[in-house]
Amino acid sequence: MNKDDLTERFASILRRADRRARERRNEAIPTIYIVMSTCGLASGAAETKQAFEEALSDKDIGARIVPVGCLGHCYAEPLVVIDHPATGFPPICYHQVTVARARRLVRSYLEKGDPVFEYVLGALEENDLIPAVTDFARFNLEQRLVMEHCGRIDPDDIYQYIAAGGYSGLVKALCLEPEELIDEIETSGLRGRGGAGFPAGRKWRLASTAKADGKIIICNGDEGDPGAYMDRTILESNPHQLLEGLAICAYAVGADQAIVYVRAEYPLAVKTIKGAIKSAEGVALLGSTILGTTFSLNVSVFQGSGAFVCGEETALIQSIEGKRGMPQHRPPYPVEKGLWGRPTVVNNVKTLSSVPPIIKNGTEWFRGSGTETSPGTAIFSVVGNVKHPGLVEIAMGTSLRTLIFDVCGGIPNKKSFKAVQIGGPSGGCLPESFLDTPIDFDSLTQAGAMMGSGGMVVMDEDSCMVDVARYFIDFTQKESCGKCTFCRIGTRHLLNILDRITNGEGSEQDLELLGTLSEDIKLGSLCGLGETAPNPVLTSLRYFLDEYEAHIKENRCPAHKCRALTAFYIDLEKCARGCEVCVGCCPVEAIFTTRGRKKAIDQKLCVKCGECAVVCPPEYDAVLKVSPPELAPTLERTPDGK
Amino acid sequence: MVKLIVDGKEIKADEGRSVLQSCIENGMFIPNMCFIKKRQHPPASCRLCFVEIDGFDPPVTSCTEEVREGLVIRTDTAAVRRLQRTAFKLLMSAHHCEPKHCPVKGNCQLIRIAKHLNVGLTPKPLELLERDVEEEVDFAFFTYYPFRCVLCGKCVYICRQINGHNLLTFANRGFDTVIAFFGSGDPARFPCHRCGACASICPTGALVRKPECKRASGVTP
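Just so we're clear, the structure is a prediction, and the values are computed from it rather than from any experiment.

In this section: the environment of Gly-166 of chain A. Residues and elements named next belong to chain A. If you trace the backbone, Gly-166 turns up in the loop between α6 (158–163) and α7 (168–174). For the pair Gly-166 and Pro-356, spaced 190 residues apart in the sequence, the C-alpha separation amounts to 8.1 Å. Ignoring sequence-local partners within four residues, the contact set of Gly-166 consists of Phe-10, Tyr-161 and Glu-244.

Here you go:
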């Protein structure tokens, strides 16, 4: 392999990318970057874009609109960045840019040069005029190693990625021997970001030493945890970084075929990655004889058909082979005998996306973040009861408290923190006492949760932990492939028991059974889904046993969540004579007028929808919720039916 | 040939065999539902054949462990029994045991396992689970009884082995998983040879052959 030839070929591509970037800058017209990934589109980015286009043509202003991927700040969508060099302002990031705000921005900022301070989230660069986004914890506590370019470049334009330093990792890798490359990844200490944290370097080495032809790399993008969307964001926002990682991995292990496995429920991600493969092949960065070398890599996209369990590597392989997605016993591991019986490396989207910056910047740089055993960063989708939900990339070893309270702004509405569910349905619920736990593979596993793929649900005091456990078990029992006894039947029993408890019909024997059955399912199941499915139950039993006991022994739901264990009543002291608001909203006509012309709820009819509590004017605030339901005073309806 | 020690007794086994098969061939019973002798990759789905191997901490399924020289195995430790009993009770909570109507006469594997584990045929303390499926499903040449089926998958496997393609498959997910039959319309045009192997291999009487179907020779549960 001729290194000079290789670097010269890449240099010419790089020159082209730089020239394009320079030309754009020289045009000196404003650029409007609109976040157009799935989350942005869901909050109306397409309408925002249309509004910009219309307003620009109305005012006859020349500006470039560039759709970009996700910045990770879901609370502020639709996000727009406007770079208007003529005004002297740095690029400014605007939050919640609705159609009306888009028009106003065109009118005020693009036309008259007034940057509309009330919509500003922050400037993207440090300056004297506008506070920079990096002044906020949500930005400056993050460490973007993997998502550095997400939301900053057009995912459909390969040259923007190249101009930002992309594919130089691949060039560097191709100048090394595969063996050196694997050494490099091993020294970096990169661990698989799919959940279990298996060292990526070791996996690659096992695959590279396997003596067989036609090795395959699979990128696992079958992200299915409720509330997790890191892989989708990377696929939609910076597909080329993933493809670069894929190519480096393939070169290292000696594979000539790669498959990106994406959920079919991610149509935009599928479209983006397919487009990216095509454009990379167009400039010989993928496909046959990459950059004129002897290394070829054929990348294709496979769409999953909607089974959660296909995120498990053996089930994923089965489904690519056209079989029913059911996990197989390991060993043999896929690195020995995977897809079509060939050695197969299955790596997560985040793992592969971590590779290019490691190769480019060196292992020392990577180990500079994170902890000794878990170097690098972790990407979490923090959702639930936090002020600033979204995607966060933080250094491993950061405490949960920092992540939830500093980066994500803590719990809104003056509520208090109750628990955080880490790792989706396979993870565990950790209480407040664990907030100082550092986020890394080993500490979280020790606490009973797990890193998982990176879903994090924060819950405030209004969440019932029994109900939360029930929710996750309901999810896993539905998504079980039905193959092995423990997972198929065991999780159904867990669900039935939790149903009983949340309905106030649980017994102490149920509680004991819940614990022992969970332990057995964990030990006895065939694959990772079953082995981790009881985790939400086990951790909530461990840390929130008092809540289970309150449900069973006192018929009480401490969070006032479980319908069967709560009741609404109207405080006659607070209720205003003559006010009829609650009567009108009750769907079952359970509210009647008392002799004193106030209102009361007929407990026999009430379905506990809570509408009356919502509509009762705040100055009265007369509808109260209690648990156990017996605490609600009962008033008999007068015989005339009123 | 390798030598290994099972419950303190030395047995000889062919290399490449699984621990489960070696034990069974040496007359030592280990509970199992989904195991088929010549099958290349055991599905390991019934989760009954747990044993403890010296050096491994939690029990492992013996159908997936290859015999090795000097292996020390115990089949009756407390941890093994606990998992086996739970797995068995789970199966019994989905298998509606009706001895009066059961087509499996005499040689019931479930009864054998119950005796071996010293437990009854009821799922207690677990409840008997109901499913939202029909009691009898018509498979053209067979009748399928979902409430008897333990989803061992033997029928799916044997059908593929004998016919080269599956006419039987798993359908649905989770607890609603059942065996399904490909084929609709005119039964005469089904690519089914009516060999009857699937019904003969069924250990729980969940697949029952209709009169027009052959009786498979040499196929037993």
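Next comes the rest of the write-up.
Attention shifts here to the interface of chain B and chain A. At the interface, 32 residues of chain B touch 33 residues of chain A. For chain B, the biggest contributors to the area lost against chain A are Arg-47, Leu-90 and Arg-173 of chain B; these three give 22% of the whole. On inspection of chain B and its partner chain A, the count reaches four salt bridges. The partner of Arg-82 of chain B in a salt bridge is Asp-520 of chain A, with the nearest N and O atoms 2.7 Å apart. At the junction of chain B with chain A, the criterion picks out 18 residue pairs in polar contact (both at pLDDT 80 or more). At the level of elements, α2 (78–94) and β8 (168–171) of chain B are the ones that each hand at least two residues to the side of chain B that touches chain A.

Turning our attention to the nonpolar core. Tyr-167, Trp-204, Val-260, Leu-285, Phe-380 and Leu-403 of chain A are the most contacted members of the largest nonpolar core, which has 108 residues in total. In terms of residues, this core owes the most to one element, helix α11 (residues 239–253) of chain A, which gives 10 residues. Residues within four places of Trp-204 of chain A in sequence aside, it is in contact with Ile-182, Ile-185, Cys-249, Ala-252, Val-253, Val-345, Asn-347, Leu-352 and Val-355 of chain A. With 73 residues, the next largest nonpolar core counts Phe-308 and Phe-475 of chain A together with Ile-36 and Ala-44 of chain B among its residues.

This part takes up a positive patch on the surface. Residues and elements named next belong to chain A. Together, Arg-16, Arg-19, Arg-20, Arg-22 and Arg-25 make up a positively charged patch on the protein surface. Along the chain, Arg-25 turns up in helix α1 (residues 3–27). Overall, Arg-25 belongs to the exposed group, its relative accessible area being 60%.

Compared with an ideal rise of 1.5 Å per residue, which puts 17 residues at 24 Å, helix α20 (residues 508–524) of chain A spans 24 Å between its outermost C-alpha atoms and is within 8% of the ideal. Looking at α20 of chain A, one finds that the buried residues are Asp-510, Leu-511, Leu-513, Leu-514, Gly-515, Leu-517, Ser-518, Asp-520, Ile-521 and Gly-524 of chain A.

Next up on the list: the sheet that holds strand β5 (residues 72–74) of chain B. Residues and elements named next belong to chain B. With mixed pairing, five strands are arranged side by side in an open sheet as β2-β1-β5-β3-β4. Edge positions in the sheet fall to β2 (9–13) and β4 (60–61), since each of these pairs with one other strand and no more. Here strand β3 (residues 50–53) runs beside β5; their pairing, made up of two bridges, is antiparallel. Note that in β5 the partner of Glu-52 across the bridge is Arg-74.

All names here are of chain A. Taken in spatial order, the five strands make up an open sheet running β2-β1-β3-β4-β5, and their pairing is mixed. In the strand order of this sheet, the two ends are held by β2 (64–68) and β5 (120–123), each with one partner. In this sheet, neighbouring strand axes are inclined to one another by 20 degrees on average, regardless of whether the strands run parallel or antiparallel. Relative to strand β3 (residues 80–83), strand β1 (residues 31–35) runs antiparallel, the two being bridged by four bridges. Of the residues in β3, the one forming a bridge with Ile-32 is Ile-82. Packing against the sheet, helix α3 (residues 45–59) makes contact with β1, β2 and β3, and its axis sits at approximately 160 degrees to β1.

Attention now goes to the packing of helix α19 (residues 485–502) of chain A against α20 of chain A. Residue and element names in this part refer to chain A. For the pair α19 and α20, interaxial distance at closest approach is 10 Å and the crossing angle is 155 degrees. In terms of axis orientation, α19 runs roughly antiparallel to α20. You can see that α19 and α20 cross each other, and the crossing is left-handed. Residue-level inspection shows Phe-486, Gly-490, Thr-491, His-493, Leu-494, Ile-497, Leu-498, Arg-500 and Ile-501 of α19 in contact with α20, the latter providing Asp-510, Leu-511, Leu-513, Leu-514, Leu-517, Ser-518, Asp-520, Ile-521 and Gly-524. Considered class by class, the residues forming the contact of α19 with α20 number 10 nonpolar, five polar and three charged.

Take the domain arrangement of chain A next. Domain boundaries assigned for chain A yield domain 1 (21–138), domain 2 (166–366), domain 3 (377–460), domain 4 (465–553) and domain 5 (566–631). On a C-alpha basis, the centres of domain 2 of chain A and domain 5 of chain A stand 58 Å from each other.

All right, on to helix α10 (residues 230–237) of chain A then. Across the eight residues that make up α10 of chain A, a large majority, eight, are buried. Residues of α10 of chain A that are buried: Met-230, Asp-231, Arg-232, Thr-233, Ile-234, Leu-235, Glu-236 and Ser-237 of chain A.

Let us look at the environment of Ser-108 of chain A. All names here are of chain A. With respect to the helices and strands, Ser-108 occurs in helix α4 (residues 99–111). The buried category is assigned to Ser-108, whose relative accessible area is 10%. Along the chain, Ser-108 and Glu-312 lie 204 residues apart, while their C-alpha atoms are 52 Å from each other.

The interhelical angle for the contact between α20 of chain A and α2 of chain B, taken along N-to-C directions, is 105 degrees, at an axis separation of 10 Å. In terms of orientation, α20 of chain A lies roughly perpendicular with respect to α2 of chain B. Together, Thr-516, Leu-517, Glu-519, Asp-520, Leu-523 and Gly-524 of chain A of α20 of chain A and Arg-82, Leu-83, Thr-86 and Leu-90 of chain B of α2 of chain B make up the contact between the two elements. For the contact of α20 of chain A with α2 of chain B, the class distribution of residues is four nonpolar, three polar and three charged.

This part is about the confidence of the model for chain B. Mean pLDDT over chain B: 91, with 100% of residues reaching 70 or higher. Across chain B, α2 of chain B holds the top mean pLDDT of 97, while strand β6 (residues 137–138) of chain B sits lowest at 90.

Turning our eyes to something else, we now look at the domain arrangement of chain B. All names here are of chain B. For chain B, the assigned domains read domain 1 (1–129) and domain 2 (137–209). Centre-to-centre, using C-alpha coordinates, domain 1 lies 24 Å away from domain 2. The interface of domain 1 with domain 2 comprises 16 residues on the first partner and 13 residues on the second. Surface buried jointly by domain 1 and domain 2 totals about 1,400 Å² across both partners, of which 67% is contributed by carbon and sulfur atoms. Considering only the surface of domain 1 that becomes buried against domain 2, Met-33, Ile-36 and His-95 emerge as the three largest contributors, covering 32% of it. Summed over the shared surface of domain 1 and domain 2, the result is zero salt bridges.

Our focus in this paragraph is the pattern of salt bridges. Counting across every chain of the model gives 36 salt bridges over all chains. A salt bridge links Lys-323 of chain A to Glu-321 of chain A; the shortest N-O distance between them is 3.1 Å. Linking Arg-173 of chain B and Glu-479 of chain A is a salt bridge whose minimum nitrogen-to-oxygen distance equals 2.8 Å. Remark: Glu-479 of chain A occurs in helix α18 (residues 465–479) and Arg-173 of chain B occurs in the loop between β8 and β9 (178–181); the pair is interchain, linking two chains. Looking at Arg-173 of chain B, the relative accessible area reads 34%, which means it is partly exposed. The buried category is assigned to Glu-479 of chain A, whose relative accessible area is 14%. Each of Glu-179, Asp-183, Glu-186 and Arg-205 of chain A takes part in a single network of salt bridges with overlapping partners.

A cluster of nonpolar side chains, contributed by Val-588, Leu-605 and Val-607 of chain A, occupies part of the molecular surface with about 200 Å² of accessible area. By secondary structure assignment, the location of Val-607 of chain A is in the loop between β17 (599–601) and α25 (611–615).

Analysis parameters
- Residues numbered from 1 in each chain as written.
- Chains lettered and ligands numbered in written order.
- Predicted model: local features only at pLDDT ≥ 70, side-chain atom pairs only at ≥ 80, totals over all residues.
- Heavy atoms only, no water.
- Helix = DSSP H or I, 4+ residues; strand = E, 2+ residues; numbered from the N terminus.
- Contact = heavy atoms within 4.5 Å.
- Buried area = accessible area lost by both parts, 1.4 Å probe.
- Salt bridge = Lys/Arg side-chain N within 4 Å of Asp/Glu carboxyl O.
- Polar contact = N/O pair within 3.5 Å; in protein donor to acceptor, adjacent residues only side chain to side chain.
- Core = buried A, V, L, I, M, F, W, Y, C linked by side-chain atoms within 4.5 Å.
- Buried < 20%, exposed > 50% of the residue type's maximum accessible area, 1.4 Å probe, protein only.
- Patch = residues over 30% accessible without salt bridge, like charges linked within 9 Å, V, L, I, M, F, W, Y side chains within 5 Å.
- Areas by Shrake-Rupley, 256 points an atom, 1.4 Å probe, with all protein chains shown as cover.
- Lys, Arg positive; Asp, Glu negative; His and termini not counted.
- Charge placed at Lys NZ, Arg CZ, Asp CG, Glu CD.
- Expected span 1.5 Å × (residues − 1).
- Pairing = 2+ DSSP bridges.
- Axes fitted to C-alpha atoms, helices over the stretch in contact; angles between N-to-C directions.
- Parallel < 35°, antiparallel > 145°, perpendicular 65-115°, else oblique.
- Left-handed = near helix turned anticlockwise from the far one by under 90°.
- Nonpolar A, V, L, I, M, F, W, Y, C, P; charged D, E, K, R; others polar.
- Domains from an automatic or database assignment.
- pLDDT = per-residue confidence, 0-100.

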